[in-house]
Protein chains: 2
Amino acid sequence: MLEISQRGRAMPVSPFRKLAPYAEKAHQQGKIIYPLNIGQPDIETPPAALDAVRNADIRVLGYTHGAGTESYRRKLAAYYQRAGLPVVMEDIIVTTGGSEAILFAMLTCLNPGDEVIIQEPFYGTYTAFAIATGVRIVPVTARIEDNFALPPLADFERAITPRTKAILICNPSNPTGYVYSRAELESMLALCKAHHLYLISDEAYREFCYDAPYVSALELAGAEPNVVVVDTISKRYSACGARVGALVTLNKEVYMAAFRFAQMRVSPPGLGMLLAEAAADLPETYFDASKAEYQARRDLTVARLQAMPGVVCPRPGGAFYVLAHLPVDDTEKFGQWLLESFSYENQTLVLSPANGFYQTPGLGQQEVRIAYVINRTDLEAAMTCLAHALREYPGRVELQAPPIVEAAALPL
Amino acid sequence: MLEISQRGRAMPVSPFRKLAPYAEKAHQQGKIIYPLNIGQPDIETPPAALDAVRNADIRVLGYTHGAGTESYRRKLAAYYQRAGLPVVMEDIIVTTGGSEAILFAMLTCLNPGDEVIIQEPFYGTYTAFAIATGVRIVPVTARIEDNFALPPLADFERAITPRTKAILICNPSNPTGYVYSRAELESMLALCKAHHLYLISDEAYREFCYDAPYVSALELAGAEPNVVVVDTISKRYSACGARVGALVTLNKEVYMAAFRFAQMRVSPPGLGMLLAEAAADLPETYFDASKAEYQARRDLTVARLQAMPGVVCPRPGGAFYVLAHLPVDDTEKFGQWLLESFSYENQTLVLSPANGFYQTPGLGQQEVRIAYVINRTDLEAAMTCLAHALREYPGRVELQAPPIVEAAALPL
C-alpha cells in the first residue's frame, strides 16, 4: 500500500485557515468581512524598495551566495548595528522568510526527538516546523491575568528534561503582543546557560514596540554561544510576499551548520533580496509612520475591547495583535457563527480562535487573536460589529475566571 | 555543553563549492577561469518575464495562497497541458525552487529511517535533503560504459527492503545528461507499482532534450497514485535566482500532505511568481533558440572531449552536462591542480569532481561533470585548456577500464 508519511499525516492544517471556507461563503452572500485573522499588514510596501526591483538591471537572474548577496548582508548588518546589535555580515544567513530561519534553527540546534520549550500561547505554525523536523514542543503556559508575561522560571525549570535543547521565544509575541523586558530576557538567557540550551529568539516584530525601547536577545551580555535570532522583513517593511528573512547568530558552529542547510537550497529569493536591500537603506524615520499607525490601532482596539462587558483584554506592548478573552462558550464556534449566522449592517468579521495557539488541550477556548491590520475606520466598524455580536451570540457565557492550569497538569 | 545536532554535523558542504577557494585565489592571480562547475545558465532570462516584474502594480506585497497564486498555477497547468501532461491547477503546489519540492516530496512520502533508491551518479544535493529529513539514500550504480542508462531492474529489486518507500529519478539527469526512454520509464513505474513505491521524478531539465521528444513520468499510464514530479523554472527560463519551482502530483493524499507542509512557510516567493507567470505565457518557440544553443554546445563539448586521448565521454541526450572519465589519478586533485598550478595562455577552468555525485565510496574518482553553460567561444577555449592540462598533469594515468562495482559490493 502506498502511504504518506506519519509526519505528513501529523501536519496540521494552518490554524489561520480553518474559518476560510465560512468566510468565503459569507463573502459570496455579499457581506462585508473585516479580516482580523491573518498577520498580513495593510501598510503599503515602501515604494523605494519596490522601485529598486523595477529598476534593477538584470540580464541573467542567477543563483546568489547561499547566505544571500554580500551587498544585502552588508546593509542588513548595518541595520542591526544601528539598532545596537553587535552583528557583522558574516553572522547573517539570508533565508526564505522567517519561516526558513525557523526551519534551519530547528534542524541545526535539535535532533529528532529533542525538545524545545515554548511559552504558550505561541505562533501555531511552530508546531508544523516541529513536526517537519521531528522535534517535540513542550509548552509552558503564560496567563492572560498576568498579561501573558514570562511565566515563572520555575515553570521552565520543571519543563526541562535531558532531551531539552532549546527555548524558543517570540519577542514581541505573536499572538499576544507581549514585549519582554530586559530583565526577563536576561533571566531567560541565564536559565539557558545554566542548562546548556539554545535561546532561539523570533524577532519578526522587533520594529513594533510602542511603550519601551526594544531589547533583542542578541544585545544581552553573553548572548554569543546561546542565541539564535530569527528575523524577517515581512512585517517590518510590509513585504510578506518577498519571502526574505534571516538567521543571525554569533555562534560560529551553529552558523556553519545552518549555512550547510542553506546551501542545500542553493540561494534565497533573488528579487526579494533586491527589495530587502533597498528597504535596509531606508532612514530610521521610515518606521515612525507605520509605528504610529499601529500604536493608534492598538489603543483603539484595546479601548473598544475593554469597554465590552465580559471581555478581558491585556494591553500589549508590541506587534500588531491582541489576545482577548471573550464571554463565549467557544471562540471557534463563535467565529463560525459570526460568518454563518451574524451580520450587523451587512458587516461581520473573521477572528483567529486562540486554541490554535495553545498546545495544552482545552486552553484558549474562550480567547481570540485579533490582528489590527486594517485601517482605523474599518477597525472601529469591526469593533462595533463585535460588540453587537457578543450581545446576540446564543453561546454567550458570563465572565468566569479564565481557566487556571495547575502546575501538576503541565505536560512535562 | 551546547552542541549542534547530529544532522547539522552530518550535512555536507555543497560539492559544487569545494574548489571555490582555489578558484578565488586563481582569480586574484589574474587568471581567466572558465566556470564549468555550476549549473548556472548564462542564457539571458526572458526580458518579457523580467518586464512583468518591473511593470507589476504592487501596493502591498502580501502573502499569496500557500500553493501559489491561482493565476500562475493556471498558466503553469496550461504549460503542462501543452506538453501533453494531464495536469490541472489543483495538482500543482508552487514551491521555492525545485529544492523545496524535493524537501516536500521527501517529507511527505518518507518517514525518518525510510529508504529512497537513487541511481548514482546523482545530484549531490539530494544527500543534503536526505540528511535534513532523516531519509536514507540507497544508490544503484549506473555505468559510464552503458552511457549511464537505467541499470538493470534486478539491481533495483536487490536494493529494495521493507523500508524502501520511493525511487527518485532525475530526467534528464543531472549530472549525466542521460534522458530516459519511455520504455525505461514504464519499467520503472511498473517496478514501483509492484513494490508500492512512490516514483519521485525530478524534471528540472525537461525542456532540454536534443535527440528525442521528452517523456514525463506523469504521462505514463497509471502514473496517478505513484508519481510525484519535482519541477523548477530555474533552468527552463534561466531564472535560477527567482526560486520558483513546483511539486506536481495526481495523488490527492500526497498533494494535501505536501500542501500542509507548504502552508508551514505561508507562501512561495511573490516576485518570482510574477516572473514565472509571464514566462509561462511565452510561445513554445521561445525554447528553440536556447535548445539549439545548448545542443551546439553539447556537440562541441562531446566532440572535443572524445578527441582527447584517454578521455571517455558518452553523448548525453539532454540537460546541459556531460560526465566524462579523465585519464587522471583523482579528479579532485586534478581540479585543484588546474587552479593552483596550471594555466594555458593565462586561462584555466573549474570542473566538478564526480565523487560528489556518487554515494558508493571510491566511485567517480576519475570522472568530472562539465556544465556547458558558457558561450561557444569560451567553451572552445576551455576545451583547449583541458587538452593541454591533461597532457601536462603529473598525475596522469593511462586509460584503464572504469572501475566495475561488483553487485555484491552494493550497499544494500
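Calculation criteria
- Residues numbered from 1 in each chain as written.
- Chains lettered and ligands numbered in written order.
- Predicted model: local features only at pLDDT ≥ 70, side-chain atom pairs only at ≥ 80, totals over all residues.
- Heavy atoms only, no water.
- Helix = DSSP H or I, 4+ residues; strand = E, 2+ residues; numbered from the N terminus.
- Pairing = 2+ DSSP bridges.
- Axes fitted to C-alpha atoms, helices over the stretch in contact; angles between N-to-C directions.
- Contact = heavy atoms within 4.5 Å.
- Disulfide = S-S within 2.5 Å.
- Domains from an automatic or database assignment.
- Buried area = accessible area lost by both parts, 1.4 Å probe.
- Salt bridge = Lys/Arg side-chain N within 4 Å of Asp/Glu carboxyl O.
- Polar contact = N/O pair within 3.5 Å; in protein donor to acceptor, adjacent residues only side chain to side chain.
- Nonpolar A, V, L, I, M, F, W, Y, C, P; charged D, E, K, R; others polar.
- Phe/Tyr/Trp six-rings, centres within 6.5 Å; stacked < 30°, edge-to-face > 60°.
- Buried < 20%, exposed > 50% of the residue type's maximum accessible area, 1.4 Å probe, protein only.
- UniProt positions renumbered as here; feature names shortened; annotations may be inferred.
- Parallel < 35°, antiparallel > 145°, perpendicular 65-115°, else oblique.
- Least-squares fit on C-alpha atoms with pLDDT ≥ 70 in both.
- Left-handed = near helix turned anticlockwise from the far one by under 90°.

K.L.:
In this structure, what is going on with unusual backbone geometry? I would like to understand it.
P.N.:
Trans is the prevailing form of peptide bonds, just as negative phi is the prevailing case for residues other than glycine. Residue and element names in this part refer to chain A. Look at the link from Glu120 to Pro121: it is a cis peptide, with omega at 0°. In the segment running from Asn174 into Pro175, the intervening peptide bond is cis, with an omega of 25°. On the secondary structure map, Pro175 appears in the loop between β5 (164–170) and α8 (182–195). With a phi angle near 60°, Ala319 is a residue other than glycine that sits in the positive phi range.

K.L.:
What should I look at first to understand the sheet that holds strand β5 (residues 164–170) of chain B in this one?
P.N.:
The pairing of strands in a sheet happens through backbone hydrogen bonds and is either parallel or antiparallel. Residue and element names in this part refer to chain B. One open sheet holds the 7 strands; their spatial order is β2-β8-β7-β6-β5-β3-β4, and the pairing between them is mixed. Looking at which strands have only one partner, the edges of the open sheet turn out to be β2 (92–95) and β4 (136–141). Direction aside, the axes of adjacent strands within the sheet are offset by 25° on average. In the sheet, strand β3 (residues 115–120) pairs with β4 via 6 bridges, with the strands oriented parallel. Within β4, the position partnered with Val116 by the bridge is Ile137. Here helix α6 (residues 125–133) sits on the sheet and contacts β3, β4, β5 and β6 (198–202); the angle it forms with β4, its principal contact strand, is near 150°. Contacting β2, β6, β7 (227–232) and β8 (245–249), helix α10 (residues 252–264) crosses the sheet at an angle of about 25° to β2.

K.L.:
What is the right way to read the state of the cysteines from this model?
P.N.:
For the coordinates displayed, the defined rule picks out 0 disulfides over all chains. Cys109 of chain A takes part in no disulfide bond, and the closest cysteine sulfur, belonging to Cys192 of chain A, lies 11 Å away.

K.L.:
What exactly am I supposed to notice about the domain arrangement of chain A here?
P.N.:
Often, the extent of an interface is quoted as the loss of accessible area on bringing the components together. Residue and element names in this part refer to chain A. We note that the domain assignment places domain 1 (6–44 + 286–392) and domain 2 (47–280) within chain A. Computed over C-alpha atoms, the centres of domain 1 and domain 2 are 25 Å apart. Domain 1 puts 39 residues into the contact, and the matching count from domain 2 is 37 residues. Here domain 1 meets domain 2 over a buried area of about 3100 Å², counting both sides, of which 62% is carbon and sulfur. Of all residues in domain 1, Phe287, Phe357 and Gln359 give up the largest surface area on contact with domain 2, accounting jointly for 19% of the area buried on that side. Viewed at the interface, domain 2 and domain 1 are joined by 1 salt bridge. Among the salt bridges present, the one from Asp211 reaches Arg298, with a minimum N-O distance of 2.9 Å. Our count for the domain 1 to domain 2 interface comes out at 15 residue pairs in polar contact (both at pLDDT 80 or more). Among the elements that line the side of domain 1 that touches domain 2, the one with the most residues is helix α12 (residues 286–306), at 7 residues. Of the residues assigned to the side of domain 1 that touches domain 2, the class counts are 23 nonpolar, 10 polar and 6 charged.

K.L.:
Even after reading the chapter, I still don't get the packing of aromatic side chains, so can you show me in this structure?
P.N.:
By convention here, two paired aromatic rings are described through the distance between centres and the angle between planes. Residues and elements named next belong to chain B. The final tally for this structure, using the stated rule, is 35 aromatic pairs over all chains. Here the aromatic rings of Tyr178 and Tyr180 are separated by 5.7 Å at their centres, their planes lie at 85°, and the arrangement is edge-to-face. Among the residues examined, Tyr178 registers a relative accessible area of 17% and is labelled buried. Look at Tyr180 and you get buried, because its relative accessible area is 5%. Between Tyr205 and Phe320, the aromatic rings sit 5.2 Å apart at their centres with planes inclined by 85°, giving edge-to-face as the arrangement. Taken as a pair, Tyr205 in the loop between β6 and α9 (223–226) and Phe320 in the loop between α12 (286–306) and β9 (321–325) lie far apart in primary sequence, 115 residues in all. Among the residues examined, Tyr205 registers a relative accessible area of 3% and is labelled buried. Using a relative accessible area of 0% as the deciding quantity, one classes Phe320 as buried.

K.L.:
Honestly, the UniProt feature "domain: Aminotransferase class I/classII large" (unreviewed entry) in chain A in this entry has me stumped. Any pointers?
P.N.:
Sites flagged by UniProt as "domain: Aminotransferase class I/classII large" (unreviewed entry) map to residues 34–380 of chain A. Note that residues 34–380 of chain A is 37% helix and 16% strand, and that its end C-alpha atoms are spaced 10 Å apart.

K.L.:
I tried to follow the pairing of strand β8 (residues 245–249) of chain A on my own but got confused; where do I start?
P.N.:
Residues and elements named next belong to chain A. In terms of residue burial, β8 counts as a mostly covered element, since 5 of its 5 residues are buried. Of the two faces of β8, both are covered, the one formed by Gly245, Leu247 and Thr249 as well as the one formed by Ala246 and Val248. Alignment of strand β2 (residues 92–95) against β8, held across 4 bridges, turns out to be antiparallel. By the bridge assignment, Val94 is partnered in β8 with Ala246.

K.L.:
What should I look at first to understand the packing of helix α13 (residues 331–340) of chain A against helix α14 (residues 376–392) of chain A in this one?
P.N.:
Any two packed helices are characterised by how steeply their axes cross, that is the angle between the axes, and by the distance between the axes. Residues and elements named next belong to chain A. Where α13 meets α14, the closest approach of the two axes is 11 Å, and the angle between their N-to-C directions is 110°. On the basis of the axis angle, α13 is roughly perpendicular to α14. Taking contact as the criterion, the partners of Phe334, Trp337 and Leu338 in α13 are, on α14, Leu386, Ala389, Leu390 and Glu392. Of the residues that constitute the contact of α13 with α14, the class distribution is 6 nonpolar, no polar and 1 charged.

K.L.:
Would you explain the relation of the copies chain A and chain B in this entry?
P.N.:
For these two chains of identical sequence, chain A goes onto chain B by a turn of 180° and a shift of 0.0 Å along the axis, with RMSD 0.0 Å. Look at the turn and shift together and you get a two-fold axis relating the two. Closest approach to the rotation axis within chain A is made by the C-alpha atom of Arg54 of chain A, at a distance of 2.1 Å. Here 100% of the interface residues in chain A have copies in chain B that are interface residues too; the copies meet face to matching face.

K.L.:
What is the right way to look at the packing of helix α5 (residues 97–109) of chain B against α6 of chain B in this model?
P.N.:
Residue and element names in this part refer to chain B. In contact at an axis separation of 10 Å, α5 and α6 are set at 45° when each is read in the N-to-C sense. Here α6 runs oblique to α5, going by the angle between their axes. Helix-helix and strand crossings are classified by hand; for α5 and α6 the assignment is right-handed. Within the contact between the two elements, α5 uses Ser99, Ile102, Leu103, Met106 and Leu107 and α6 uses Tyr126, Phe129, Ala130 and Thr133. Of the residues assigned to the contact of α5 with α6, the class counts are 7 nonpolar, 2 polar and no charged.

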